[in-house]
Structures are given as C-alpha cells and as structure tokens.
Amino acid sequence: MFSMALARNGYRVIEADSGLAGLALARQHLPDLILSDIHMPGGDGSTLLRDIRRDPELRSKQVVLMTGRPDLVTPRKGMEEGADDFLVKPVNLTALLNCVKARFSRASISWRVEDQMLAQLRSSVPSHLPHEFFTPLAGIIGLMEILCADFPKLAQKEVEDIHHDVYQSALRLHRTLRNYLLILDLQTALSGPVPSLSSHEVAESIQTGVNEALRLNKRGEDVTVEVKACSILVKSEDLSRIVEELVDNACKFSRQGTPVKVELTVDGRMTIADEGRGLTAEEIGRIGVFQQFDRKKYEQQGLGLGLVLVQKLTALYGAKFFINSQPGEGTRVEIAFPLTSPA
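Residues numbered from 1 in each chain as written. Predicted model: local features only at pLDDT ≥ 70, side-chain atom pairs only at ≥ 80, totals over all residues. Heavy atoms only, no water.

A. Representation of the sheet that holds strand β2 (residues 62-67) within the structure. The three strands are arranged β1-β2-β3 in an open sheet whose pairing can be described as parallel. Of all strands in the sheet, those bounded by a partner on one side alone are β1 (33-37) and β3 (85-88). Taken over all neighbouring pairs, the strand axes of this sheet differ in orientation by 20° on average, direction set aside. As paired elements, β1 and β2 share five bridges and run parallel to each other. The partner of Ile 34 across the bridge, within β2, is Val 63. Across the sheet, helix α3 (residues 45-54) is in contact with β1 and β2; its angle to β2 comes to roughly 170°. (Pairing = 2+ DSSP bridges. Helix = DSSP H or I, 4+ residues; strand = E, 2+ residues; numbered from the N terminus. Axes fitted to C-alpha atoms, helices over the stretch in contact; angles between N-to-C directions. Contact = heavy atoms within 4.5 Å.)

B. Structural detail: helix α13 (residues 305-316). A rise of 1.5 Å per residue sets the reference length of α13, with its 12 residues, at 16 Å; its end C-alpha atoms lie 17 Å apart and thus fit the reference within 8%. The complete set of buried residues in α13 reads Leu 305, Gly 306, Leu 307, Val 308, Leu 309, Val 310, Leu 313 and Thr 314. (Expected span 1.5 Å × (residues − 1). Buried < 20%, exposed > 50% of the residue type's maximum accessible area, 1.4 Å probe, protein only.)

C. Layout of the confidence of the model for the protein chain. Residues at a pLDDT of 70 or more form 77% of the protein chain, whose mean pLDDT is 78. At the low end of the mean pLDDT range in the protein chain sits helix α12 (residues 295-298), at 42; at the high end sits strand β7 (residues 260-264), at 97. Ignoring residues within four places in sequence, the model shows residues 109-128, a span with pLDDT below 50, making 27 contacts including any to other chains. Every residue in residues 289-303 is under pLDDT 50, and counting partners more than four places away or in other chains gives 51 contacts. (pLDDT = per-residue confidence, 0-100.)

D. Representation of unusual backbone geometry within the structure. In this structure, Leu 30 is a non-glycine residue whose phi angle is positive, near 50°. Mapped onto the elements of the fold, Leu 30 is located in the loop between α2 (19-29) and β1. Relative accessible area serves as the criterion here: at 16%, Leu 30 is assigned to the buried category.

E. Main features of the pattern of salt bridges. Counted under the stated rule, the structure contains eight salt bridges. Residues Asp 161 and Lys 157 are paired through a salt bridge, measuring 2.9 Å at the closest nitrogen-oxygen approach. Of this pair, Asp 161 and Lys 157 are both found in helix α8 (residues 156-185), four residues apart, which corresponds to roughly one turn of the helix. Judged by its relative accessible area of 18%, Asp 161 falls in the buried class. Here Asp 222 makes a salt bridge to Arg 219, at a shortest N to O gap of 2.4 Å. One network of salt bridges, with partners in common, ties together Arg 269, Arg 332 and Glu 334. (Salt bridge = Lys/Arg side-chain N within 4 Å of Asp/Glu carboxyl O.)

Printed below as a string of structure tokens:
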C-alpha cells in the first residue's frame, strides 16, 4: 500500500520483504530514504537501523521507523536509536507523504547551505572545502527546526537533549573551521626556535588534548593514557591538537566499550591505538590537504581533515608520522617526536 501511494506521488520505490533483504538492497541502491517497520521477519527494524548507522555508505541516510505497537517501542526510543522520524500505524496517506517530504527537505539542508557558502568563499579560499563543515551545521538547523515547530509539545527532557545536541554540533563545527584555517596557515614553514616542553608540560598537553576529544565523545571509560617522562620539541597547543584529533578519530571510528590507548614512551614516541573499522592502504595513501578519502562514503563522518592537520603539524616539527591499520581490526598511529638535546 505504501509503495503504490509513494510511486503515484512521484517517488521511486524499492521494496524488501525482510530486514536482511532490505539492508542488502540499501547497500546496492543507496536510497535517499529508508522506511522500515520495526516488527518484521529476517531482523527487526531496530537491528536494521543499527546496521545502517554502522555502514559507512548508509549511515547518513534518512531512516523512518514504523510500528503498530507504540507501547513496546516509543517514538522517543526510536529517535534515540538513530531514527530520523517515527510513524505509529495505522498511518494515513497524508501523514506518510508529509513525513517523506520533510525527510527529503531535511536531507537537503546541508547541500543548500554548502551551495550558498561556496558562492561566497570560492573567490578567497580553495574551492575544495571539506563537506564536514556542513554536517554539524545541518544538524544545528534541523534541531532548531524541531524546537521552533514543536516546542509547546516537547517534554523538558526532550528540550534538554536537543540543547545538548545543538551544543555538540556547534563544538564540532567550531573545531572543524579552526582546523581548516590552521591547515591554511601551515602552508608556510615554522619561524623561530622550536620550544622544548618539559616532562610535566608534555603530560599536561597530552591530557588537555584527550579531554577536548572527550567533550565530543562519551568514551571516558574507554580511553587510557600512559605517559612516560620525556622532553620533546613541540609547542604545547600543537601537541594538544594532535592528541585531540587522533583520539577523536579513534573514538568516532571504534565501538563504545572498546579500548582507545594513548601512550608516550621515554624516547618521544607517541602511540594512539583503537580497535575500530580501520583504514585500507589506499585510504592511508590518499591523506592530503583538502583530500577526503571517499566523499560518497565518508562525507558525514569528518574523516580526513583531522589526519591532514596531524600530518602537517608533525612534519612542521620534524616528527615522524606512521599509520598501521587493518580494515575491521583497528588503527595504530605513531608519532616519533624529536627529543630535547641534553645540555
């Protein structure tokens, strides 16, 4: 019934009779919107949603869940699991079409914002602006739309959650813009003598970077830090930025509950390791200024700019930068900093 109604209104519809079949078709066709019942054979809708959000090519797609049992799965629960909208059956045609129209409109926000920004900025900066600028901005706009439209109906807890999400999106956007401008500044060589950080300053700078990364990732229990005493040649704020970017990437691309380890040995070698999705050799080789690994796959994840910044900063100080990664097993980043020469 839904498919015929949507087709009559100009939408191209692909149908699946189970969760597993739906996931396979979604990976094959990369639809703009995925509409799924929660209770169905071959995997329930909640499992399908989790699989979609874990898939690099599908995680940014709009997903609408439906159920005839709101007593078992509430709309709020569905949204917390990552659904973009939630319909309670029976669903009439008007409600269905309004929902689909709203989801397509929401998905296009980031592209509209990007088009406007590019028109203004193309004359003054390189045109290869990372698309991750617009992902958190689109999130802010979408959440504020919810507040503007439904504020009288929202519970206090829902308003607090939206405020928190807006704040997190704003933090990520601020950091992305900061990193982008910093990369532009790093096109010139470092001037003046490189400061030497004492063992105490090194430990403080590393912990500052870890803390900043954890502001955007609720992974405090997963991250361990072990710093041995050594003095290295690097600015404190740049060491913190390096750690922040690497820990943030490790948290974003590994599952909650898996370890993220930050270590610094006495010879100035820093290692940040995770047990996440990993990188292919091709992806590692394509790290470069304004180069995203695969825009179609990773535009919603921010992968690329942070590693570019780390690479540029380490090169600035003459440090050695290594990535050892296996898809599905995790990533280990090593940076060998120059040590302070003994007096």
